[in-house]
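# Residue-level structure breakdown
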Amino acid sequence: MRILSGLQPSGRLHIGNFFGMMEPALKLQHEGDAYYFIADYHSLTSVHDGKALRGYVRELAVDFLACGLDPTKCVFFRQSDVPEHTELSWILSTVTPMGLLERCHSYKDKIANGISASHGLFAYPVLMAADILLYESDVVPVGRDQKQHVEVTRDIAIKMNETFGAGLFKLPNPRIQESTAVVPGLDGQKMSKSYDNTIPLFAPRPELKKLIAGIKTDSRAPGEAKSTEGSALFQIYQAFASAEETAAFAQDFANGIAWGDAKDRLFERIDFEIAPMRARYEWLMAHPQEVEVMLHAGAAKARAVATPFMARLRQAVGLRSLATATTRGPAKAAKAAAASFKQYREKDGQFYFKLVDAKGALLLQSLGLDSPQAAGKAIALLKAQGAGALAELQPLLAPFDAQHAPLLQALHALSTPAE
Ligand code: ADP
Ligand code: TRP
């Protein structure tokens, strides 16, 4: 089962985002082949400040990791490191009916709120469809307000299959965690950045305390029974607590707990849950380089899937295949693209290998290894997995650019059996 989801970097992660998408998605990370990414191309529809966007991307990457994403289990990457997303989006847009996009609630809501829409905002669901379809995803864990976008993705996939061949695209299914599908904000409406009623998940303790103190309650006095129904405070508590804790808290409401005490209880409960994650969040925020390395390795793994997918699709729709892209004829092209591994021993007594293209230009260089077997094993892995093996082999390799197209194409050609 392939699981895929993304979040837009557009501000601080709040409790609604955490329970609507982050937590349900991370619970699934050990149940299949999970792909999680930072949707920075999507954020460009609302953030037009490069410095701010870079900050949001960094923060969201740290959020994912601090919340428990395991980068050795999942493919964790930044959308814009995999340009195949935008290429696929264009191809999908050529079969997407305008009416399908005009019906999207999130677009209609923005228009109703007087936001003047760009073409990018209108086309947002097509890019999201590309994100999902590129990896042949089965399950897409998202919050309820994104369900319609996954349905649009299915419609686009059906249209592509009808147009270019059955079986080209796999139909994904949304997965919504119903118990926390809508977490209320400070004012009782749905928690959302747009309503300015959020509790950021990693707010420092004093800020968290202050925000919780501001949660809207009714005017019932201490000792008076309180209703849990429609209480934002109660619902936020419920999102964090076990069934037993929730039942006990409901009993306290019936017994007339004072609002101030109820708020203290909520603060303690959230703080207890967040404290270990907050420590990791702070460490990662102070070590952006470590995060960047993980994202790079993730992008190489994502491209190892995305590049061959696009090569197949390009053939199907009549565009040149990426794997054989050259101005010469296809047979010659394949030959020209043929790269090979060389194994050798240096004067230092150590064993090396390198990957060179047909003209002998260096594409990848190993560091010194103890035995020819170690070199052979690394080469075998690259031949079996292509660019997907780069992250694992990184410690054995001299620094390389994981985005270098000739390198990725050569590895793709070597790891794909000839037709
Ligand atoms: P915001 O409304 O704050 O701008 P986004 O639209 O960026 O949040 O939502 C990101 C993800 O978090 C989506 O999957 C969305 O469904 C989920 N989400 C956002 N707010 C809530 C909420 N209050 N309750 C549950 N899920 C939410
Ligand atoms: N649109 C999603 C949101 O606002 C983010 C997103 C972009 C996404 N591409 C995706 C979610 C693909 C799931 C799958 O939250």
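Residue numbers restart at each chain and count upward from 1, following the sequence in its written direction. The order in which chains are written sets their letters, starting at A; the order in which ligands are written sets their numbers, starting at 1. Note on the predicted model: pLDDT of at least 70 is required for a residue's local features to be given, and 80 or more for side-chain atom pairs to be given and counted; whole-chain, interface and lining totals, by contrast, use all residues.

## Describing the overall build of the chain
For the record, the criterion: Strands here are runs of E lasting at least two residues and helices are runs of H or I lasting at least four, both read from the DSSP assignment and numbered beginning at the N terminus. Buried means a residue has 20 or more other C-beta atoms within 10 Å of its own C-beta, exposed means 12 or fewer, and partly exposed covers the counts in between; C-beta atoms are placed from the backbone. Each residue is represented by a C-beta atom placed from its backbone, and any two residues with such atoms within 7 Å are regarded as in contact.
Of the regular secondary structure elements, the chain holds 17 helices and eight strands. When the backbone C-alpha atoms are referred to their principal axes, the chain occupies close to 85 × 55 × 35 Å. A burial count over the chain gives 36% of its 419 residues as buried. Taking all contacts inside the chain whose residues are at least 6 apart in sequence as the whole, residues at least 24 apart take part in 71%.

## With respect to the site of ligand 2
The condition is simple: Using a C-beta atom placed from the backbone, a residue is described as near a molecule or strand when that atom lies within 6 Å of it. Ten residues, namely Ala, Val, Leu, Ile, Met, Phe, Trp, Tyr, Cys and Pro, are considered nonpolar, four, namely Asp, Glu, Lys and Arg, are considered charged, and the remaining ones, Gly among them, are considered polar.
Lining the immediate environment of ligand 2, one finds 14 residues, of which Ser5, Gly6, Ala39, Met128 and Asp131 sit closest. Of all the secondary-structure elements, those providing two or more residues to the shell around ligand 2 are strand 1 (2-7) and helix 7 (119-134). No other element matches strand 1, which puts four residues into the shell around ligand 2. Taken together, the residues of the shell around ligand 2 sort by class into seven nonpolar, six polar and one charged.

## Considerations on the sheet that holds strand 7 (residues 351-356)
Note the cut-off: Here the rule is simple: two strands pair whenever DSSP picks up at least two bridges between them. Helix axes are fitted only over the stretch in contact, all axes being lines through C-alpha atoms; the angle between N-to-C directions runs from 0 to 180 degrees.
An order of 6-7-8 is seen for the three strands of this open sheet, with the pairing classed as antiparallel. The open sheet has two edge strands, strand 6 (340-345) and strand 8 (362-365), and neither has a second partner. Looking at each pair of strands side by side, their axes are set apart by 25 degrees on average, direction ignored. Against the sheet, helix 15 (residues 372-385) engages strand 6 and strand 7, with an angle of about 25 degrees to strand 7.

## Comments concerning the nonpolar core
Rule in force here: Each nonpolar core consists of buried Ala, Val, Leu, Ile, Met, Phe, Trp, Tyr and Cys residues. Their C-beta atoms, within 7 Å, join them into a set.
One finds Tyr35 and Ala129 to be the most contacted residues of the largest nonpolar core, which totals 101 residues. In this view, Tyr35 contacts Arg2, Ile3, Leu4, Cys74, Val75, Tyr135 and Ala302; residues no more than four positions away in its chain are not counted.

## Overview of the site of ligand 1
The local shell around ligand 1 holds 20 residues, among which Gly16, Gly20, Gly143, Ser192 and Lys193 are the closest. With five residues, helix 1 (residues 15-27) is the largest single contributor of residues to the shell around ligand 1. Among the residues making up the shell around ligand 1, the classes are represented as eight nonpolar, eight polar and four charged.

## Digging into unusual backbone geometry
Positive phi is not limited to glycine here, since Glu136 has a value of about 50 degrees. Note that Glu136 resides in the loop between helix 7 and strand 4 (139-141). By the C-beta count within 10 Å, which is 17 here, Glu136 ends up partly exposed. Phi angles above zero are rare outside glycine, and Asp196 is one such case at about 55 degrees. Relative to the helices and strands, Asp196 resides in the loop between strand 5 (173-175) and helix 9 (205-213). We classify Asp196 as exposed; it has 9 C-beta atoms within 10 Å.

## A few points about the domain arrangement of the chain
Definition in use: Each domain's extent is set by a domain assignment, obtained either automatically or from a database.
Taken domain by domain, the chain comprises domain 1 (2-180), domain 2 (202-280) and domain 3 (323-415). A C-alpha centroid distance of 33 Å is found between domain 1 and domain 3.

## A short note on the environment of Leu69
Take Leu69: it is sitting in the loop between helix 3 (50-66) and strand 3 (75-78). For Leu69, a count of 19 C-beta atoms within 10 Å gives the class partly exposed. On a C-alpha basis, the gap between Leu69 and Met22 in space is 9.2 Å, while along the polypeptide they are 47 residues apart. For Leu69, the contacting residues outside a window of four places in its chain are Leu26, Gln29, Tyr36, Phe64, Cys74 and Phe76.

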